[in-house]
Amino acid sequence: MSVENCNSLRRTQPQPKTGIVHLGLGAFFRAHAAVYLKEAMALSGGDWGVVGVSLRSSGMRDKLVQQDFLYTAVEMSERGLATQLIDVVTDVLVAYEDPEAVLQAMADKNTCIVSLTVTEKGYCRGSGDAVLDFQHKDIRHDLSSKLPRSGPGFLVRALERRWRNNIRPFTVLSLDNLPSNGQLTQQIVCEFAAKIDVAFLRWIQREVKFPSTMVDRIVPSTTQKLIDRTKVKTGIHDPAVVSHEPFRQLVIEDSFVDNKRPDFSPLGAQLVRNVKPFEDMKLRMLNGTHSALAYIGSLAGHETVANAIKEESIEIFIEALWHEEIVKSFEAPPDIDLTKYAKQLKSRYRNPEICHLLKQIAIDGSQKLPQRIINPLFENLSLGRPYFRLLTVVAAWIRYLQKQLTPENLYDIDDPLSQEITAAILASDDDIGLVAQIFKIDRIFGDYPTHKISNQLISILKRMGRFENTSLLEGNWE
Ligand code: CS2
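Small disclaimer: the values here were computed from a predicted structure and weren't measured. (Residues numbered from 1 in each chain as written. Predicted model: local features only at pLDDT ≥ 70, side-chain atom pairs only at ≥ 80, totals over all residues. Heavy atoms only, no water.)

## Considering the sheet that holds strand S10 (residues 249–253)
One open sheet holds the three strands; their spatial order is S8-S10-S11, and the pairing between them is mixed. Each having just a single partner strand, strand S8 (213–216) and strand S11 (270–272) make up the two edges of the open sheet. Within this sheet the neighbouring strands show an average axis-to-axis angle of 15°, counted without direction. Across three bridges, S10 lies against S11 in parallel orientation. Note that in S11 the partner of Ile252 across the bridge is Leu271. Running at roughly 35° to S8, helix H10 (residues 276–299) makes contact with S8, S10 and S11 of the sheet. (Pairing = 2+ DSSP bridges. Helix = DSSP H or I, 4+ residues; strand = E, 2+ residues; numbered from the N terminus. Axes fitted to C-alpha atoms, helices over the stretch in contact; angles between N-to-C directions. Contact = heavy atoms within 4.5 Å.)

## Quick word on the site of the ligand
Neighbouring the ligand are the residues Asn177, Val215, Asp216, Arg217, Lys282, Asn287, His290, His356, Ile361, Lys368 and Arg372. Here Asp216 contributes a side-chain N or O atom positioned 2.6 Å from an oxygen atom of the ligand. In the model, an oxygen atom of the ligand is placed 2.6 Å from a nitrogen or oxygen of the Lys282 side chain. Protein chains shield 90% of the accessible area of the ligand, which is 340 Å² for the free molecule. Elements with a minimum of two residues in the shell around the ligand: S8, H10 and helix H15 (365–382). Domain assignment of the residues forming the shell around the ligand places at least three in each of domain 1 (2–272) and domain 2 (276–474). (Near = heavy atom within 4 Å. Polar contact = N/O pair within 3.5 Å; in protein donor to acceptor, adjacent residues only side chain to side chain. Areas by Shrake-Rupley, 256 points an atom, 1.4 Å probe, with all protein chains shown as cover. Domains from an automatic or database assignment.)

## Focus on the side chain of Lys38
Note that Lys38 resides in helix H2 (residues 33–44). The buried charged residue Lys38 lacks any salt bridge partner; its closest oppositely charged side chain belongs to Asp87, at an N-O distance of 4.1 Å. Among the polar contacts listed, one links the side chain of Lys38 to the backbone oxygen of Leu85, at a separation of 2.7 Å. (Buried < 20%, exposed > 50% of the residue type's maximum accessible area, 1.4 Å probe, protein only. Lys, Arg positive; Asp, Glu negative; His and termini not counted. Salt bridge = Lys/Arg side-chain N within 4 Å of Asp/Glu carboxyl O.)

## Some remarks on the pairing of strand S5 (residues 89–94)
Along S5, five of the six residues are buried, which leaves the element largely enclosed by surrounding structure. In the sheet, strand S2 (residues 49–54) pairs with S5 via five bridges, with the strands oriented parallel. Directly across from Val51, in S5, lies its bridge partner Asp91.

## Considerations on the nonpolar core
Judged by nonpolar contacts, the single largest core of 76 residues is most densely connected at Met285, Leu293, Ile318, Tyr349, Trp397 and Leu457. The two domains that each donate at least three residues to this core are domain 1 (2–272) and domain 2 (276–474). Once residues lying within four places of it in the same chain are set aside, the contact partners of Ile318 are Thr289, Ala292, Leu293 and Ile309. (Core = buried A, V, L, I, M, F, W, Y, C linked by side-chain atoms within 4.5 Å.)

## A closer look at the environment of Asp430
With respect to the secondary-structure elements, Asp430 resides in the loop between helix H17 (418–426) and helix H18 (431–439). Taking the C-alpha atoms as reference points, Asp430 and Lys462, 32 residues apart in sequence, are found 9.5 Å from one another.

## Points about the environment of Leu132
Looking at where Leu132 falls in the secondary structure, it is placed in the loop between strand S6 (113–116) and helix H5 (137–144). Leu132 sits in the buried class, given a relative accessible area of 3%. Distance in space between the C-alpha atoms of Leu132 and Glu191 is 6.9 Å, their sequence separation being 59 residues. If we skip the residues at most four places from it in the chain, Leu132 touches Tyr123, Cys124, Gly126, Ile139, Pro152, Ile188, Glu191 and Phe192.

## Details of unusual backbone geometry
Unusually for a residue other than glycine, Asn166 sits at a positive phi of about 55°. Within the chain, Asp364 stands out as a residue other than glycine whose phi angle is a positive 60°. Locating Asp364 in the fold gives a position in the loop between helix H14 (358–362) and H15.

## Remarks on the packing of helix H6 (residues 151–164) against helix H8 (residues 198–207)
Their axes nearest at 11 Å, the elements H6 and H8 cross at an angle of 95°. Taken together, the axes of H6 and H8 are roughly perpendicular relative to one another. Contacts between H6 and H8 involve Val156, Leu159, Glu160, Arg162 and Trp163 on the former and, on the latter, Ala199, Phe200, Trp203 and Ile204. Class assignment for the residues of the contact of H6 with H8 results in seven nonpolar, no polar and two charged. (Parallel < 35°, antiparallel > 145°, perpendicular 65-115°, else oblique. Nonpolar A, V, L, I, M, F, W, Y, C, P; charged D, E, K, R; others polar.)

This is how it looks when you write it as C-alpha cells:
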C-alpha cells in the first residue's frame, strides 16, 4: 500500500506474529529485507513479523514506537518518488537498555530466524588463528557475562538458552557485505561457544544453520530533505522514512533450520546452493568500485556517488577497473554477463535522485577494503594479472585517511582501527615510511605479501601528491 492512502502511521490491521529477531535495525535492513518480508507475507502468508534490535542507539526505537512501528519506504528514480508502507516490524528493543529482553525474544520458540545487519565491524573479527577477536572489549565482556553487548555475544547466549531448554535452534542469517557471511558467522559463533561447553558447540555444529547471502540495494542515509519531500508527497511526517533505489537483489543459500523460512521465490529472490560467485561479483564489482569512488571521488572534491561518476576521468578509471582488473579476479555466477552487470551498476550509480554520500561509504575502510580491493589485488598479482588500479584505490584510501587527520582532529578517523591508522600516519615522515607503517597494521595486511607491492604503492603515492586532481587516473597502466 502506498502511504498516500493512509491517514496516519497507525495500524489498522493486526500486526503479524513475530518469527524473526533482527540485530541492527539500520536503513539497509528497513529498505531491503523488511520490504521482501512484507511482500512475502502478502503473497504467501507466514508469521514473519520482526522484532528489531538496535545495538548502539535508541533513536530508531524512539521514532518507531510513536507510529506503531510503521514507516515509509520511498523508491527514488527518474520517474519520481513511490512510497510503500512497511508494517513488518512488531517491536524494537535497545540492546544496552535491556539485554535480557533481547535474549528472551531470541530464545522464544516462535523465533525461527535471527538475521543480522551489524556492519563489517559488528562481527568483531580479529587477525591470527581465530576469526573472532577475543581481545575485543565487547567479546571479553560477553565471555564473562550472560547479558551480552556484541552481535556474536547475543547469538551465542541466545542459542545457549535454547540448547539448555531443549528448544530447536533458530537459523542465523547474516545480511552483511562479507565474503561467505554465513560461514564466517558460523565460525565466530563456534569459536565463542567452544569457550562455554563442548556439548553446546557440537549441538551448534549439528543443528544450527548459517546460510550465506548476497544482498543488494543502494540505501542512502535518511536526511531532513527526504523527510520533508516525503511529507509533501504523503502528507505524513515520518522521521523513520528510508529511501532506496528501484533495484534490489537477494541470493540465499537454501539451508534453514527445519526448512522454516519466508517464501521469497515469487519475489525474484534466488535460492541457490552456492552463493559465493554472487558474493564475489557484488563485493568486488559493486562494493569495490563504491570504495574506489568514495576515496578517489572525495579527494577530487565530490560529495556523492552520482557526481563522482560523472567526472570523465573517474568514469574511465572505474570502467577500466571493472573490465581490466575486477572481472578477471573471480568466476562469474552462472548465466550472468558481467559487461551488462557493470553497465547496470553505472546507471544505478548515476541515479540523480539518490544522494549517496561518499563519506558514508568511506567509513570503516579497514573492515571493507580486504574483501573489496585487497583480496582481488593479491589474487591478480599472484596470477600475473593486472592490479595497478586496485593498488591506486589503496593509495587513495591512504591519502584520504591522511586528509582526515588534522592537528585539531587527531584520532578522529571513522574506523575501528583508527588508533593504529593514526599512529602509523603520525610515525612516518614521507611516503616510504608511510607505506611501511601502514603495512605493519596486521589486522588489515597481516595475511598478504605486501613487500611485493610496496615500491609500486610508494610510486603511485608520489605521483598522486596530495591528490587534488584526477589527472593521475589517466596514466598508462599496462
Ligand atoms: C556501500 C554499501 O557503504 C558501503 O560500504 O558500498 O552499503 C552498498 O551501498 C550496498 O552494499 C549496496 O547493496
